[in-house]
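Survey of secondary and tertiary structure
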Amino acid sequence: MDVQFREYNPFDVWFWLEFDNNPSPAEQQYVEQVFESWFYLGKLGGFNAENLQVQDEGLDISYMDYSDRNANSAILALMHNMGEFEYQGNWARCWFDLGTSDAIALDVLINALRQLSLDFVSIPRLIIGGENEDWPIPGSHTAQFADYN
């Protein structure tokens, strides 16, 4: 899966997925469930790089002391909003307001989509941010000009 980053604003970002063919309803469901699960984890603050105590501990976490005080002192890192998935031909897109969630969220999503692409539905390309000139974003500069044609 080719991952490309375009202009990125975490408070207003589109995710674009290109499939080999028009995705079937079952394939659409797989993709949407990955994004919805990812979003719910983000909405609950799961992607907070300021509180990665287990990761920071290293390989041996047996009998690790997890600090509630450290967890409580971390600044909130919450996702705010997710739009509806849209499909056009062999493309899908979805809008997000990722709020204050940290960039680790993107790594988690990319890892999950790479595995989904290997196991269930081929996704040759994931584009994070920017626009797709063949499919204007509502209210964007490109969409305004498309309305006049």
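To keep things clear, this report deals only with the structure shown in the data block. (Residues numbered from 1 in each chain as written. Predicted model: local features only at pLDDT ≥ 70, side-chain atom pairs only at ≥ 80, totals over all residues. Heavy atoms only, no water.)

Quick look at the overall build of the protein chain
- A count of helices and strands for the protein chain gives five helices and six strands.
- In the protein chain, the order of α-helices and β-strands from amino to carboxyl end is β-β-α-α-α-β-β-β-α-β-α.
- When the 149 residues of the protein chain are sorted by exposure, 34% land in the buried category.
- Summarising the internal contacts of the protein chain: among those between residues at least 6 apart in sequence, 75% fall at separations of at least 24. (Helix = DSSP H or I, 4+ residues; strand = E, 2+ residues; numbered from the N terminus. Buried < 20%, exposed > 50% of the residue type's maximum accessible area, 1.4 Å probe, protein only. Contact = heavy atoms within 4.5 Å.)

What about the packing of aromatic side chains?
- Scanning the entire structure with this criterion turns up 14 aromatic pairs.
- Measuring from ring centre to ring centre gives 5.8 Å for W16 and W135, while their planes differ by 70 degrees; the resulting arrangement is edge-to-face. Here the residue W16 occupies a position in strand 2 (residues 13-18), and W135 occupies one in the loop between strand 6 (125-128) and helix 5 (141-148), the gap between them amounting to 119 residues.
- One Lys or Arg, R93, reaches over the ring of W14 and ends 4.8 Å from the middle of that ring. (Phe/Tyr/Trp six-rings, centres within 6.5 Å; stacked < 30°, edge-to-face > 60°. Lys NZ or Arg CZ within 6 Å of the ring centre and 35° of its normal.)

Points about a nonpolar patch on the surface
- A cluster of nonpolar residues, V54, I61 and Y66, forms a patch on the protein surface that exposes about 270 Å² of accessible area.
- You can see I61 is positioned in the loop between helix 2 (53-57) and helix 3 (68-73). (Patch = residues over 30% accessible without salt bridge, like charges linked within 9 Å, V, L, I, M, F, W, Y side chains within 5 Å. Areas by Shrake-Rupley, 256 points an atom, 1.4 Å probe, with all protein chains shown as cover. Salt bridge = Lys/Arg side-chain N within 4 Å of Asp/Glu carboxyl O.)

Here we look at the packing of helix 1 (residues 25-43) against helix 4 (residues 104-119)
- Direction vectors running N to C along helix 1 and helix 4 enclose 160 degrees, while the axes themselves pass 11 Å from each other. When the axis of helix 1 is compared with that of helix 4, the two are roughly antiparallel. As for the relative orientation of helix 1 and helix 4, their crossing is right-handed in sense. In this structure, helix 1 contributes Y30, V31, V34, F35 and W38 to the contact, and helix 4 contributes A105, L106, V108, L109, A112, L113 and L116.
- Taken together, the residues of the contact of helix 1 with helix 4 break down into 12 nonpolar, no polar and no charged. (Axes fitted to C-alpha atoms, helices over the stretch in contact; angles between N-to-C directions. Parallel < 35°, antiparallel > 145°, perpendicular 65-115°, else oblique. Left-handed = near helix turned anticlockwise from the far one by under 90°. Nonpolar A, V, L, I, M, F, W, Y, C, P; charged D, E, K, R; others polar.)

Thoughts on the pattern of salt bridges
- Overall, the coordinates contain two salt bridges when judged by the stated rule.
- In this structure, R125 and E18 form a salt bridge, with 2.9 Å as the shortest nitrogen-oxygen distance. Of the two residues, R125 is situated in strand 6 and E18 in strand 2; the sequence distance between them amounts to 107 residues.
- For R125, a relative accessible area of 22% translates into the label partly exposed.
- When its relative accessible area of 18% is taken as the criterion, E18 is described as buried.
- One salt bridge in this structure joins R93 and E86, with 3.0 Å as the shortest N-O distance.
- On the basis of relative accessibility, which here comes to 3%, the residue R93 falls in the buried class.

Describing the pairing of strand 6
- In the sheet, strand 1 (residues 2-5) pairs with strand 6 via four bridges, with the strands oriented parallel. Paired with Q4 across the two strands is I127, which belongs to strand 6.
- As judged from the four bridges shared by strand 2 and strand 6, these two strands associate in the antiparallel manner. Considered in strand 6, the bridge of L17 is made with L126. (Pairing = 2+ DSSP bridges.)

Overview of helix 4
- Relative to the 22 Å expected for 16 residues at 1.5 Å per residue, helix 4 spans 23 Å between its end C-alpha atoms, a close match to the ideal helical length.
- All of the buried residues in helix 4 are A105, L106, L109, I110, L113, L116 and S117. The arc that holds the buried residues of helix 4, viewed along the axis, is 130 degrees, so those residues lie on one side. Residues N111 and L118 are exposed on helix 4 and point more than 90 degrees away from its buried face. (Expected span 1.5 Å × (residues − 1). Arc of directions from axis to C-beta.)

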